[in-house]
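Chain by chain, the residues run as shown.
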There are 6 protein chains.
Amino acid sequence: MPYINIKVTDEGVTNEQKQALIKGATELVVDVLNKSPQTTFVVIDEVNTDNWGIGFDQVTELRRQASTTPAGKS
Amino acid sequence: MPYINIKVTDEGVTNEQKQALIKGATELVVDVLNKSPQTTFVVIDEVNTDNWGIGFDQVTELRRQASTTPAGKS
Amino acid sequence: MPYINIKVTDEGVTNEQKQALIKGATELVVDVLNKSPQTTFVVIDEVNTDNWGIGFDQVTELRRQASTTPAGKS
Amino acid sequence: MPYINIKVTDEGVTNEQKQALIKGATELVVDVLNKSPQTTFVVIDEVNTDNWGIGFDQVTELRRQASTTPAGKS
Amino acid sequence: MPYINIKVTDEGVTNEQKQALIKGATELVVDVLNKSPQTTFVVIDEVNTDNWGIGFDQVTELRRQASTTPAGKS
Amino acid sequence: MPYINIKVTDEGVTNEQKQALIKGATELVVDVLNKSPQTTFVVIDEVNTDNWGIGFDQVTELRRQASTTPAGKS
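Because the structure is predicted, anything quoted here is derived from the model rather than measured. (Residues numbered from 1 in each chain as written. Chains lettered and ligands numbered in written order. Predicted model: local features only at pLDDT ≥ 70, side-chain atom pairs only at ≥ 80, totals over all residues. Heavy atoms only, no water.)

Now for the sheet that holds strand 3 (residues 52-54) of chain D. Ordered by their spatial adjacency, eight strands build an open sheet running 4(D)-3(D)-2(B)-1(B)-1(C)-2(C)-3(E)-4(E), and the pairing between neighbours is mixed. Because the sheet does not close on itself, it has two edges, and the strands there are strand 4 (57-58) of chain D together with strand 4 (57-58) of chain E. The sheet contact formed by strand 1 (residues 3-9) of chain B and strand 2 (residues 41-47) of chain B spans seven bridges and is parallel. By the bridge assignment for strand 2 of chain B, Lys7(B) is matched with Asp45(B). Here helix 1 (residues 15-33) of chain B sits on the sheet and contacts strand 1 and strand 2 of chain B, strand 1 (3-9) of chain C together with strand 3 and strand 4 of chain D; the angle it forms with strand 2 of chain B, its principal contact strand, is near 140°. Across the sheet, helix 1 (residues 15-33) of chain C lies against strand 1 of chain B, strand 1 and strand 2 (41-47) of chain C together with strand 3 (52-54) and strand 4 of chain E, angled at about 140° from strand 2 of chain C, the strand it touches most. (Pairing = 2+ DSSP bridges. Helix = DSSP H or I, 4+ residues; strand = E, 2+ residues; numbered from the N terminus. Contact = heavy atoms within 4.5 Å. Axes fitted to C-alpha atoms, helices over the stretch in contact; angles between N-to-C directions.)

Turning next to the environment of Asn48(E). Residues and elements named next belong to chain E. With respect to the helices and strands, the residue Asn-48 is situated in the loop between strand 2 (41-47) and strand 3. As for Asn-48 and Pro-2, which are separated by 46 residues in sequence, their C-alpha atoms are 26 Å apart. A polar contact of 2.9 Å, which involves the side chain of Asn-48, links it to the backbone nitrogen of Asp-50. (Polar contact = N/O pair within 3.5 Å; in protein donor to acceptor, adjacent residues only side chain to side chain.)

Time to look at the UniProt feature "active site" (unreviewed entry) in chain A. UniProt records the feature "active site" (unreviewed entry) at Pro2(A), using the numbering of this structure. Topologically, Pro2(A) is positioned in the segment before strand 1 (3-9). Look at Pro2(A) and you get buried, because its relative accessible area is 0%. Excluding its chain neighbours within four sequence positions, the residues that come into contact with Pro2(A) are Val29(A), Lys35(A), Thr39(A), Thr40(A), Phe41(A), Phe41(C), Lys7(E), Val8(E) and Trp52(E). (UniProt positions renumbered as here; feature names shortened; annotations may be inferred. Buried < 20%, exposed > 50% of the residue type's maximum accessible area, 1.4 Å probe, protein only.)

All right, on to the UniProt feature "domain: 4-oxalocrotonate tautomerase-like" (unreviewed entry) in chain A then. Cross-referencing UniProt, the feature "domain: 4-oxalocrotonate tautomerase-like" (unreviewed entry) maps to residues 2-55 of chain A in the present numbering. Annotated as residues 2-55 of chain A, this span is 35% helix and 31% strand, and its ends, taken at the C-alpha atoms, are 31 Å apart.

Looking now at the packing of helix 1 (residues 15-33) of chain D against helix 1 (residues 15-33) of chain F. To characterise two packed helices, one gives the angle between the axes of the helices and the distance between these axes. Where helix 1 of chain D meets helix 1 of chain F, the axes come as close as 10 Å, and the angle between the chain directions of the two elements is 165°. The orientation of helix 1 of chain D relative to helix 1 of chain F falls into the category roughly antiparallel. Between helix 1 of chain D and helix 1 of chain F lies a crossing of right-handed hand. Along the contact surface, helix 1 of chain D presents Gln17(D), Ala20(D), Leu21(D), Gly24(D), Ala25(D), Leu28(D), Val29(D), Val32(D) and Leu33(D), while helix 1 of chain F presents Gln17(F), Ala20(F), Leu21(F), Gly24(F), Ala25(F), Leu28(F), Val29(F), Val32(F) and Leu33(F). Broken down by class, the residue content of the contact of helix 1 of chain D with helix 1 of chain F amounts to 14 nonpolar, four polar and no charged. (Parallel < 35°, antiparallel > 145°, perpendicular 65-115°, else oblique. Left-handed = near helix turned anticlockwise from the far one by under 90°. Nonpolar A, V, L, I, M, F, W, Y, C, P; charged D, E, K, R; others polar.)

Moving on to the interface of chain A and chain E. In this assembly, 31 residues from chain A lie in contact with 31 residues from chain E. When chain A packs against chain E, close to 2800 Å² is buried across both sides, 71% of that on carbon and sulfur atoms. Put simply, chain A and chain E have two salt bridges between them. The partner of Lys35(E) in a salt bridge is Glu11(A), and the shortest N-O contact between them spans 3.9 Å. (Buried area = accessible area lost by both parts, 1.4 Å probe. Salt bridge = Lys/Arg side-chain N within 4 Å of Asp/Glu carboxyl O.)

See the structure below:
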């Protein structure tokens, strides 16, 4: 009876990506723990980049900085 | 000092239903555990049906399938 | 498909009380929102009183103070 | 690698306040626990006052009552 | 910068299974959303079967019933 | 009425550190948002290093690697 919560920033997650996250997370607990998919919940929270911080800064600010410099993904 | 979080899909929960959830959840911990209502928090999260999965599928898809077949509640 | 999380301090919650919380919380969403009990999860977290704070203080300390003065419930 | 979640009611939290919450919460775990800010996440959830209850009532109702009586902060 | 929380019942999850959950959940957000693994957190909560309810009952009770009848997985 | 949840690995957090986290997190929302400390909850979750992953690996493994190489904090 797993419950899986995936929190990501709200940067244009598409419906196809949501379906892939739900399918993949469910398969993970089915494969690894032999759980039933019928009692596996996946909940995706999309968090505004103003409301997510890392390293003292809002993600909004980190994205702004990254757009003006060569940057990796995050 | 209980904290109660109720996550449901965002399918038209009315204000009266929210009041009933808050009142009922608070009464539950007051009755069962003798907690003080003044330090009991109830937080309701309404989750988009695209963002909630069960049995590999989005609830949005499950609702669509249910609307075309005889279906139970969920 | 509700998910209900009840956080309380770990002050001797009995198995009967846990059953009552699970039953009562499930009935609440069944009655108020017409949800199916078969897809309603209730998860109870028991938190050590050292790890729960209110009004700047650990609950452990609040309990200690309350035991030496006339006190209400919480 | 701390993860800090701050839930508040959605009563006009400004961007400057969000920055201050992220900065302050990160500094707290850096100062107290010697954690690295680069692996410290802060996520702020703004909850509608209809969806937050305390003492049996929605915060929306508590705010309405407070606006018609001499009231403290909360 | 995803944060993934996996809640399962505490029924003998092995260290290898925990590694597989962490690896699989991280790969999922890397593959689907192109996130960086270095800023992807996975937190596994193991919940006592007395503290998890579904369909009005504790999982402890559901397991006991299942052990005396032909049963599926969950 | 803020609710603040601080998740950290269970690597010997002392009672004094817990008090400092509770005090500091409460002061933060009092100072930044003018909230009442009497309705501010802080809950600290200590997570086993086997159950926390970052960059595909358990923190347990990262700590083991760090102990055999020059390492930063995290």
